[in-house]
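Inside the fold
Now for the letters of each chain:
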Amino acid sequence: MPSRQNRGTFRVGYGWDSHEFVRGIPLKIGGITVPYTKGLGGHSDGDVLLHAITDALLGAIAAPDIGSLFSPSDPKWKGADSAVFLREALRRVRAAGYLVTNLDSTLILAAPKIGPHTAAIRRKVAELMGIDGDRIGIKAKTPEGLATDDAAIAHAVVLLEAKPARKSVRKHN
Ligand SMILES: [Zn+2]
């Protein structure tokens, strides 16, 4: 039976997001601009992957979700760089006493092909999250049978581990 001290050593988080394609705006995925004729609409820059990752981080520490912290109706977030949301989620994760162990994600979109951009997305997400690229899974699939060709969908899971306890002076020594 795990000891009480070990309870909460790990936390898992899950996030999901979708955005509709809109002609004539930049396509931001994972913090990079992917060349395409359409981008993702919605509040902020529509970065579906960073939104899913942000929600996974917030969910892991039972914090309010991205829509609660950064209301889509608040004009402040119109066109905002989604890295701002991710940084706030990471700040809350650290404040709760956790580090990110790894992240896995899946993008689901009919076009454009994400394969050629996977390495660049991984590098950017690694930089934003402050973890090595070999702790970041970026996968992409086409939406077979889902009839979601006008949208991009992202799923993300994160594993957090408790920060190592700081050495403190023992009381009874
Ligand atoms: Zn979103």
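Refer to the structure printed above.
The sections below set out a description of the structure shown in this document. All values derive from a computational prediction rather than experimental measurement. (Residues numbered from 1 in each chain as written. Predicted model: local features only at pLDDT ≥ 70, side-chain atom pairs only at ≥ 80, totals over all residues. Heavy atoms only, no water.)

Notes on the sheet that holds strand β6 (residues 136-141)
Convention followed: Strands were regarded as paired on the criterion that DSSP finds at least two bridges between them. In DSSP terms, a helix is any run of H or I states spanning at least four residues, a strand is any run of E spanning at least two, and both are numbered starting from the N terminus. Orientation is described by axes fitted as lines to C-alpha atoms, over the contacting stretch for helices, and by angles from 0 to 180 degrees between their N-to-C directions. Residues count as neighbours in contact if any of their non-hydrogen atoms are within 4.5 Å of one another.
Strand order in the open sheet formed by 5 strands is β4-β1-β7-β5-β6, and the pairing between neighbours is mixed. What marks the edges here is a single partner per strand, and that holds for β4 (38-40) and β6. Shown here is a sheet whose adjacent strand axes are inclined to one another by a mean of 20°, direction ignored. Pairing of strand β1 (residues 10-23) with strand β7 (residues 151-162) involves 11 bridges; the strand directions are antiparallel. The partner of V12 across the bridge, within β7, is L159. Against the sheet, helix α1 (residues 48-60) engages β1, β4, β5 (98-108), β6 and β7, with an angle of about 155° to β1. Against the sheet, helix α4 (residues 118-129) touches β5 and β6, its axis set at about 140° to β6.

A look at the nonpolar core
This is how it is decided: Throughout this description, the term nonpolar core refers to a set of buried Ala, Val, Leu, Ile, Met, Phe, Trp, Tyr and Cys residues connected via side-chain atoms within 4.5 Å. Only protein chains enter the accessibility calculation, which uses a 1.4 Å probe. A residue is then buried if its area is under 20% of the maximum for its type, exposed if over 50%, and partly exposed in between.
I29, I53, L57, M129 and L160 are the most contacted members of the largest nonpolar core, which totals 46 residues. Per-element accounting of this core gives the leading share, 9 residues, to α1. Each residue touching M129, except ones within four places of it in the same chain, is listed here: I53, L57, L86, L90, V100 and L103.

Details of the coordination of the zinc ion
Under the convention used in this document: For Na, K and Ca the donor cut-off is 3.2 Å, and for all other metals it is 2.8 Å, counting N, O and S atoms only; because water is absent from this set, sites may look incomplete.
With distances of 2.0 Å, the protein atoms coordinating the zinc ion are D17 (OD), H19 (NE2) and H51 (ND1). Of note, the zinc ion draws all its donor residues from one chain, in the sequence arrangement D-x1-H-x31-H. Here H19 is found in strand β1, whereas its partner H51 is found in helix α1, with 32 residues between them in sequence. We note that H19, like H51, is buried.

Re the pattern of salt bridges
Here is the rule we go by: Salt bridges, as used here, are contacts in which a Lys or Arg side-chain nitrogen is within 4 Å of a carboxyl oxygen on Asp or Glu.
Applying the stated criterion across every chain yields a total of 5 salt bridges. A salt bridge links E88 to R91, with the nearest nitrogen and oxygen atoms 2.9 Å apart. Here the residue E88 and the residue R91 both occupy positions in helix α3 (residues 83-95), the gap between them amounting to 3 residues, near one helical turn. By relative accessible area, which is 45% here, R91 ends up partly exposed. Taking the shortest distance from any N to any O, the salt bridge between E88 and R92 comes out at 2.8 Å. Note that E88 and R92 are positioned in helix α3 at a spacing of 4 residues, about one turn of the helix.

Quick look at the environment of R11
The line we're drawing: Under this definition, polar contacts are N or O atom pairs within 3.5 Å; protein pairs additionally need one hydrogen-donor-capable and one acceptor-capable atom, and for neighbouring residues in sequence, both atoms have to be side-chain atoms.
Along the chain, R11 falls in strand β1. In sequence terms R11 and V158 are 147 residues apart; their C-alpha atoms lie 8.2 Å from each other. With near-sequence residues (within four places) excluded, R11 lies in contact with A60, I61, Y98, V158, L159 and L160. For R11, the side chain forms a polar contact with the side chain of Y98, separated by 3.5 Å.

So far we have only geometry, and geometry alone does not tell us how the molecule works.
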